Amino acid sequence: MIEESGVLKDLKTQEDVSCLLKDLHSDLIEAMLHGELESHLGYAKNEKSENINARNGTTSKRLKTGFGESTIEVPRDRQGSFEPVIVPKHQSTATPVESIIISLYAKGMSVSDIEQELHEIYGYRLSTSAISIITDKVNQQVLDWQNRPLEPVYCIVWMDGIVFKVRQGGKVVNKTIYLAVGLNREGYKEILGMWLGQNESAAFWQGVMTDLKARGVEDILVTVTDNLNGFTGAITNVFPMANTQICVVHQIRNSARYVVWKDKKEFAEDMKLIYNAPDRDMAKAELERFARKWGHKYPYAVQSWQNNWEELTVFFDFPLEIRKIIYTTNLIENLNGKIRKYTKNKMVFPTDESLKKSVFLSLMQISKKWTQPIHNWGLILNQFLAIFENRVLL
């Protein structure tokens, strides 16, 4: 096994890192194979057992890995019944150890947790520094993914942010990862990108829109956002034909902040009559009734509805099936909740890079399950075609 403490200090070039990873990879593969054999036999090396099967030395095997070819020693058993999983018989490739480590990291485990996990399962000590080298390979993946080309048209793009704590200049500050999720013309959800910022602003989101355009997006039919001041303008400056829907759920939450506890239930029921109306005219009538009832007591809450009315009611221009998926950012908020589950063990991130790396790996794990088009996609696509025929077929 490599003595890592001295070697890691001498790493100066990418070639040095690659050589170290190759040696670590071989060592860890051998340790895992010995762990598999121990599990197969049911007893540890040098322990007494009534099992007539026993260890029977090793055999050399050439192995192809992501770091080139190397030679490993594969343990054998006397009966020849041992069938390794990580390096199957008659195969010259192995399950990449770095993939195992990155998968554990993606599931929210810290490098120290991974170090302990490898030791407990395989009896192998891999330092946190070496594990960090492996997980740092993700940084290039993040860069490649963030700059990948996108499709020319997205039917819907949902946008929202999630706040994390990060160390910066000796202090712990709040930073936000901003996400955009698109619905493409095949009905599949796609994470378009993530952007790190400290303060949300219309100018920030205009930068996001510009980035999407630079990566090949020519048109967005509908965007769904919170009610940040200037957000609609930031979108239409880059995608002038986009229909910009403000999330109704965000509007409800923001309005309820002005309301005392004893009025909240009745106030919420009256708001529900607005956004559950069958059409925009009925919704407008309910808003006027709402204003007459609550305007004197809660003027800011009512004015918020009135000021955002045009963007709040875009969903009324669409059939019911489309309305259900564009009146709220719930889809992306659910995504944020799943990211929280993956990152819950990391209360404070040491750097911006560690935050981006962790969120990226979480996104990759979550999006693996996005294997089917959204519900009713055939019907929804036909509705989009009827409304935006030339734009959908761009």
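The rules behind these values
Residues numbered from 1 in each chain as written. Predicted model: local features only at pLDDT ≥ 70, side-chain atom pairs only at ≥ 80, totals over all residues. Heavy atoms only, no water. Helix = DSSP H or I, 4+ residues; strand = E, 2+ residues; numbered from the N terminus. Buried < 20%, exposed > 50% of the residue type's maximum accessible area, 1.4 Å probe, protein only. Contact = heavy atoms within 4.5 Å. Areas by Shrake-Rupley, 256 points an atom, 1.4 Å probe, with all protein chains shown as cover. Phe/Tyr/Trp six-rings, centres within 6.5 Å; stacked < 30°, edge-to-face > 60°. Lys NZ or Arg CZ within 6 Å of the ring centre and 35° of its normal. Salt bridge = Lys/Arg side-chain N within 4 Å of Asp/Glu carboxyl O. Pairing = 2+ DSSP bridges. Axes fitted to C-alpha atoms, helices over the stretch in contact; angles between N-to-C directions. Polar contact = N/O pair within 3.5 Å; in protein donor to acceptor, adjacent residues only side chain to side chain. Parallel < 35°, antiparallel > 145°, perpendicular 65-115°, else oblique. Left-handed = near helix turned anticlockwise from the far one by under 90°. Nonpolar A, V, L, I, M, F, W, Y, C, P; charged D, E, K, R; others polar. Expected span 1.5 Å × (residues − 1).

**Describing the overall build of the protein chain**
Now for step 1: When helices and strands are counted, the protein chain shows 17 helices and seven strands.
Now for step 2: Counting all 394 residues of the protein chain, 47% fall into the buried class.
Now for step 3: Expressed as a percentage of contacts within the protein chain between residues at least 6 apart in sequence, the contacts between residues at least 24 apart total 65%.
Now for step 4: When the accessible area of the protein chain is evaluated, it comes to approximately 20100 Å², of which 51% is carbon and sulfur surface.

**Focus: the packing of aromatic side chains**
Now for step 1: Overall, the coordinates contain 15 aromatic pairs when judged by the stated rule.
Now for step 2: Where Tyr-178 meets Phe-204, the ring centres are 4.4 Å apart and the plane angle is 50°; that geometry is what we call tilted. Residue Tyr-178 is found in strand E4 (residues 171–183), and its partner Phe-204 is found in helix H7 (residues 202–214); the two are separated by 26 residues along the sequence.
Now for step 3: Grouping aromatic residues by their ring pairs yields a cluster made of Tyr-178, Phe-204, Trp-205 and Phe-231.
Now for step 4: Its guanidinium or amino end placed over the ring of Tyr-258, Arg-257 lies 5.8 Å from that ring's centre, counting from NZ or CZ.
Now for step 5: In this structure, Arg-340 packs its charged tip against the face of Phe-164, placed 4.8 Å from the ring centre.

**Describing the pattern of salt bridges**
When the charged atoms of two side chains lie near each other, side chains of opposite charge can form a pair.
Now for step 1: By the definition in use, this model includes 13 salt bridges.
Now for step 2: Arg-391 is paired through a salt bridge with Asp-219; the nearest N and O atoms lie 2.7 Å apart. Of the two residues, Arg-391 sits in helix H17 (residues 377–392) while Asp-219 sits in strand E6 (residues 219–225), which places them 172 residues apart along the sequence. Neither Arg-391 nor Asp-219 differs from the other in exposure class; each is buried.
Now for step 3: Taking the shortest distance from any N to any O, the salt bridge between Asp-263 and Lys-297 comes out at 2.6 Å.

**Quick word on unusual backbone geometry**
Now for step 1: With a phi close to 65°, Asn-376 is a non-glycine residue in the positive phi region.
Now for step 2: Tracing the chain through its elements places Asn-376 in the loop between helix H16 (352–367) and H17.
Now for step 3: Owing to a relative accessible area of 37%, Asn-376 belongs among the partly exposed residues under this scheme.

**Let's talk about the sheet that holds strand E7 (residues 243–246)**
Now for step 1: Sheet architecture is open: five strands sit in the order E5-E4-E3-E6-E7, paired in mixed fashion. Strands with a single pairing partner mark the edges of an open sheet, and in this sheet they are strand E5 (189–197) and E7. With strand direction ignored, the average angle separating the axes of adjacent strands in the sheet is 25°.
Now for step 2: Where E6 meets E7, four bridges bridge the pair, whose relative direction is parallel. The partner of Val-222 across the bridge, within E7, is Asn-243.
Now for step 3: In this fold helix H15 (residues 330–343) packs onto strand E3 (153–168), E4 and E5, with an angle of close to 35° to the strand it touches most, E3.

**Some thoughts on the side chain of Arg-148**
Now for step 1: On the secondary structure map, Arg-148 appears in the loop between helix H6 (138–146) and E3.
Now for step 2: There is a polar contact of 2.9 Å between the side chain of Arg-148 and the backbone oxygen of Trp-145.

**Observations regarding the pairing of E4**
Now for step 1: The buried count for E4 comes to ten of 13 residues, which makes it a mostly enclosed element.
Now for step 2: Here 13 bridges tie E3 to E4, and the two strands are oriented antiparallel to one another. Counterpart to Ile-162 in the pairing with E4 is Ile-177.
Now for step 3: Remark: two residues form the turn of the hairpin made by E3 and E4, two consecutive strands paired antiparallel; Gly-169 in that turn has positive phi of roughly 60°.
Now for step 4: Relative to E5, E4 runs antiparallel, the two being bridged by eight bridges. If you follow Thr-176 over to E5, its bridge partner there is Gly-197.
Now for step 5: Linking E4 back to E5 in an antiparallel pair, the connection comprises five residues, with Gly-187 at a positive phi of about 90°.

**Some details on the environment of Val-153**
Now for step 1: Relative to the helices and strands, Val-153 resides in strand E3.
Now for step 2: Taking C-alpha positions, Val-153 is 5.0 Å from Asp-219, a pair spaced 66 residues apart along the chain.
Now for step 3: Excluding residues within four positions of it along the chain, Val-153 makes contact with Arg-185, Asp-219, Arg-391 and Leu-394.

**A short note on the packing of helix H11 (residues 280–294) against helix H12 (residues 299–307)**
Now for step 1: Interaxial distance between H11 and H12 falls to 9 Å at its minimum, and their mutual angle equals 165°. Classified by the interaxial angle, the pair formed by H11 and H12 is roughly antiparallel. When the axes of H11 and H12 are compared, the crossing they make is left-handed. Residues Leu-287, Phe-290, Ala-291 and Trp-294 of H11 form the contact with H12, whose own contacting residues are Pro-299, Val-302, Trp-305 and Gln-306.
Now for step 2: When the residues that make up the contact of H11 with H12 are grouped by side-chain class, the tally is seven nonpolar, one polar and no charged.

**Side note on helix H10 (residues 261–275)**
Now for step 1: When the terminal C-alpha atoms of H10 are compared, their 22 Å separation across 15 residues agrees well with the 21 Å that a helix rising 1.5 Å per residue should span.
Now for step 2: Within H10, burial applies to Asp-263, Phe-267, Asp-270, Met-271, Ile-274 and Tyr-275.
Now for step 3: On its buried face, H10 sits against helix H9 (248–256), H11, H12 and helix H13 (309–312).

None of the figures reported here should be taken as evidence of function without further support.
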